[in-house]
Amino acid sequence: MTTTTDMTAAGTGTGLATGPDTYAAADPSTDLSGAAPEGTGFRWSARPVTAADHAAVLDLFTEPDFYFRTHRPDTRPQWEVLSLLDEDTRLLSADGRPVGLYALEVSGGEHACHFFLHLRLTARLRPDAWASAYRELIRALRWQREVVRLAVVVGEFDDRGLTAARLAGFAEEGVLAGNIVHDGHRRGSVFLSRIWEPTS
Amino acid sequence: MMLRGYRDSDLPLLSGDWLPGELLGLPVPGRPPLAEPARVPAPRDPAEDGATGEDDELCVVPGAGFVRLAAVDWVHRRARLEIGLRPGAEGGAEPLLKAALDHAFRALNLRRVFGWVTPAVPLPSGLPRDALLRDAGLAPEADVPRALWLDGRPVARQIWGATRHG
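Presented here is a report on the structure given in the accompanying data block. Predicted model only: the values in this text are computed from it and were never measured. (Residues numbered from 1 in each chain as written. Chains lettered and ligands numbered in written order. Predicted model: local features only at pLDDT ≥ 70, side-chain atom pairs only at ≥ 80, totals over all residues. Heavy atoms only, no water.)

Glancing now at the overall build of chain A. From N to C terminus, chain A includes 4 helices and 8 strands. Shown N-terminal to C-terminal, the secondary structure of chain A runs as helices and strands in the order β-β-α-α-β-β-β-α-β-α-β-β. Sequence-distant contacts in chain A: of pairs separated by 6 or more residues, those separated by 24 or more amount to 66%. Counting only carbon and sulfur atoms, one obtains 51% of the accessible surface of chain A, whose full area is about 9300 Å². (Helix = DSSP H or I, 4+ residues; strand = E, 2+ residues; numbered from the N terminus. Contact = heavy atoms within 4.5 Å. Areas by Shrake-Rupley, 256 points an atom, 1.4 Å probe, with all protein chains shown as cover.)

Right, let's get into the interface of chain B and chain A. Between chain B and chain A, the contact holds 20 residues from the first and 18 residues from the second. Across the chain B to chain A interface the summed buried area is about 1500 Å²; carbon plus sulfur atoms make up 47%. Broken down residue by residue, the surface that chain B buries against chain A is led by R7, R106 and N109 of chain B, which jointly contribute 36%. Joining chain B to chain A, the criterion identifies 2 salt bridges. One can count 10 residue pairs in polar contact (both at pLDDT 80 or more) joining chain B with chain A. Elements supplying a minimum of two residues to the side of chain B that touches chain A: β1 (4–5), β5 (57–61) and α1 (93–107) of chain B. Looking at the side of chain B that touches chain A, its residues break down into 9 nonpolar, 3 polar and 8 charged. (Buried area = accessible area lost by both parts, 1.4 Å probe. Salt bridge = Lys/Arg side-chain N within 4 Å of Asp/Glu carboxyl O. Polar contact = N/O pair within 3.5 Å; in protein donor to acceptor, adjacent residues only side chain to side chain. Nonpolar A, V, L, I, M, F, W, Y, C, P; charged D, E, K, R; others polar.)

The next point concerns the layout of surface pockets. Computed from the structure, the largest pocket encloses a volume of approximately 460 Å³. Around the largest pocket, the lining is made up of 19 residues, and of these D74 and T75 of chain A together with D102, H103 and A107 of chain B lie nearest the centre. Counting only elements with at least two residues in the lining of the largest pocket, the list comes to β7 (171–182) of chain A together with α1 of chain B. The element that contributes the greatest number of residues to the lining of the largest pocket is α1 of chain B, accounting for 5 residues. In the lining of the largest pocket, the residues fall into 10 nonpolar, 4 polar and 5 charged. (1 Å grid on protein atoms, 1.4 Å probe; cavity = no way out; pocket = protein on both sides within 12 Å on 5 of 7 lines; lining within 4 Å. Points joined across faces, edges and corners; volume = space filled by probe spheres on them.)

What follows concerns the side chain of R120 of chain A. Residues and elements named next belong to chain A. Tracing the chain through its elements places R120 in strand β5 (residues 114–121). The class for R120 is buried, based on a relative accessible area of 3%. At 2.5 Å, the side chain of R120 and the side chain of D158 are in polar contact. (Buried < 20%, exposed > 50% of the residue type's maximum accessible area, 1.4 Å probe, protein only.)

In structure tokens form, the structure reads like this:
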């Protein structure tokens, strides 16, 4: 949809991350209940996925909860992983290191300014970093186009995804019950969105 | 035991000295070294060659072997299971069998999984095949006479299966 590059994170973070500690998985219990920080200090950038990025992308899909357009990421074969990427898919990097994928899809009429967003970050990043990525992406989108509704769909079982979306201000709209079998049980898909008043 | 999606670099895992289509494929004792190895196809996009209706689910345990649910039928929710283990990885047979059935039932939500078993061929290292299969939840369902040419004669095979959701 759009090529969004070099989205420098705003906020009160520490600027450029300099060490691997920034990427270390934190205890989620310290991240789930607090208020969203204004920023994580990452310098976000994004680019279309090329063949040279496939190794990094395949590595992301070895994570059991890298739910980017699939509910079973770590058992998908190579061809299927690569088939999930399209011309609108962007490789998201934090401080130049690939950390995730996102893709934007139009929902409804082209003129309606409604979008679905698929965004997934590595489990190495904390939920507040996810929220920072969401906010930066939204800032970039709204800078270059009108956005009335931006929706994400997250599995009920996806605690990290739900936490990140809520931290980024997405509000729950409803649950499509039982459309995914996860770990032997039927679970639903949670629809969340952020909505802005249309200008026309 | 963690299953992982297939990568092109896993290709050597897809051929080996087990019997073709065997549910629990382990190296066959006494196999002539020049006998052609068994092979399973690498996963690929079914749209590439226009094939329809065939959906295989193949996962690997890096360096050890593969699990293949062949011809997954999403309407009737059944598939044929075959496993291939590299020499030296026989110790992983029990956890891999359980991981395969867990994947079939809990991730893919299948109702029935079945596979071919060849009683005439003992498992290497004296592994107790029937006990392994039964412990994993499989049961013998049928005897199929003269189902496979092996070692200069036709031998019988059995179908073993497991069901879920009643």
